[in-house]
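# Survey of secondary and tertiary structure
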Amino acid sequence: MNKLRGSIMLFTAAFIWGSSFVAQKAGMDYIGPFAYNALRCLIGALVLVPVVLVVNALQKKKNIAKLSAEETVADRQEVLKNDRKTLLTGGLACGAALFIGTSLQQIGLVYVSAGKVGFITALYIVLVPILGLFFGRKVRRILWLSVALATVGLYLLCIKEDFTIGKGDLLVIACAFGFALHILVIDHFSPKTDGIKMSCLQFLVAGLFSLPFMFLFETVDWGNIYDCRIPILYTAVMSCGIAYTLQILGQRDVEPAVASLILSLESVFAVIMGIIILHEQISARELIGCIIMFAAIILAQLPAKKESPPES
């Protein structure tokens, strides 16, 4: 039951993220990428504050009930202190990785269609196990075939006939590395601390990181910000407040390979919603690139064969 619940959470998150590319693309008609990220992340953190307060109150009651005769109040305070330290470290690390990924993605959306950004961003699912090499994780042989397929898919999606690659394509490819790092950081911290609190904190950090860039590189026009209120609120409430929290909670009950496979559906939803809502066009070449990339993503998440036990 926990695995089913986690899978439903991740599927819902994938759908929200896929549809959010449309809102993010529309938002670039009004304000700059750093302003958009700052506002949606800070509002997303604010949306989660009431949830955090409720969870915190419930946890206090639970902690009091669990306080054993042998455990002193000082012992409990020490445990809570360590929990807060883990939460702050995790929130800062997740927020920094999220800032890198979302900033590069949002700037890329200025130049690239929502559907195309969705598919290139999904490359992070192939990159996660590769980056895991730096953390001592093994990489299955089949993954290198996935990397080769993803490279072919990216070529068809991004490289033009004159063998040039667009600025936006490069930015979105770089953003995929940021999101791959974000997945690994979440995988490390989510079992050790409260998922909702960490989600709230990561958005606060990502939003605060965006503010200086917003004032340094962009002209803040409050009229344009007001005109952009619908895209901002949609991504703040749905993508930040709900989807990322569902990701953190869902990853607790679902193994990373399956979680990545479900989340990869984000790219499919991005293309579908881009065509339906924004009336985006996709060429035959780009469509083939999408299909090859999706095949690479699926292949990367196939479970490894279990080794047969040695004969006695």
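Note: the structure precedes this text.
The present account deals with the structure reproduced in this document.

## A short note on the overall build of the protein
- Looking only at helices and strands, the protein has 13 helices and zero strands in total.
- Along the protein, helices (α) and strands (β) appear in the sequence α-α-α-α-α-α-α-α-α-α-α-α-α when read from the amino end.
- Sorting the 312 residues of the protein into buried and exposed places 48% on the buried side.
- Long-range pairs, those at least 24 residues apart, make up 90% of the contacts in the protein between residues at least 6 apart in sequence.
- When the accessible area of the protein is evaluated, it comes to approximately 16,100 Å², of which 69% is carbon and sulfur surface.

## Digging into the pattern of salt bridges
- Going through the model one piece at a time under the given rule, you end up with one salt bridge.
- Where Asp169 meets Lys116, a salt bridge forms, and the shortest distance between an N and an O atom there is 3.4 Å. Placement of the pair is Asp169 in helix H7 (residues 167-189) and Lys116 in helix H4 (residues 114-121), with a sequence separation of 53 residues.

## Examining the side chain of Lys116
- Assessed through its relative accessible area of 14%, Lys116 is described here as buried.
- Setting aside anything within four residues of it in sequence, one finds Lys116 in contact with Leu157, Cys158, Asp169 and Glu286.

## Some thoughts on H4
- Burial within H4 is extensive, with eight of its eight residues counted as buried.
- Among the residues of H4, Ala114, Gly115, Lys116, Val117, Gly118, Phe119, Ile120 and Thr121 are the ones counted as buried.

## Remarks on the side chain of Ser239
- Structurally, the position occupied by Ser239 is in helix H10 (residues 229-253).
- With near-sequence residues (within four places) excluded, Ser239 lies in contact with Ile16, Trp17, Ser20, Arg40, Tyr234 and Tyr244.

## Things to note about the packing of aromatic side chains
- Tallied over the full model, the rule gives six aromatic pairs.
- Residues Phe34 and Phe213 carry aromatic rings whose centres are separated by 5.2 Å and whose planes lie at 20° to one another, so their mutual orientation is stacked. Of this pair, Phe34 sits in helix H2 (residues 33-66) while Phe213 sits in helix H8 (residues 195-217), placing them 179 residues apart in sequence.
- Under the relative-accessibility criterion, Phe34 is labelled buried at 12%.
- The exposure class assigned to Phe213 is partly exposed, which follows from its relative accessible area of 33%.
- On the numbers, 5.7 Å between centres and 85° between planes, the contact of Phe99 with Phe209 is edge-to-face. With Phe99 in helix H3 (residues 73-108) and Phe209 in helix H8, this residue pair connects regions lying 110 residues apart in the sequence.
- According to the relative accessible area criterion, Phe99 is buried, its value standing at 12%.
- One aromatic cluster is present, built from ring pairs that chain together Phe34, Phe99, Phe209, Phe213 and Phe217.

## Considering the environment of Glu266
- Relative to the assigned elements, Glu266 resides in helix H12 (residues 265-277).
- The sequence separation of Glu266 and Gly118 amounts to 148 residues, and the corresponding C-alpha distance is 6.9 Å.
- Apart from the residues within four sequence positions on either side, Glu266 is in contact with Ala14, Trp17, Gly18, Phe21 and Tyr124.

Quick notes on the rules
- Residues numbered from 1 in each chain as written.
- Predicted model: local features only at pLDDT ≥ 70, side-chain atom pairs only at ≥ 80, totals over all residues.
- Heavy atoms only, no water.
- Helix = DSSP H or I, 4+ residues; strand = E, 2+ residues; numbered from the N terminus.
- Buried < 20%, exposed > 50% of the residue type's maximum accessible area, 1.4 Å probe, protein only.
- Contact = heavy atoms within 4.5 Å.
- Areas by Shrake-Rupley, 256 points an atom, 1.4 Å probe, with all protein chains shown as cover.
- Salt bridge = Lys/Arg side-chain N within 4 Å of Asp/Glu carboxyl O.
- Phe/Tyr/Trp six-rings, centres within 6.5 Å; stacked < 30°, edge-to-face > 60°.

Taken by themselves, the reported measurements are silent on function.
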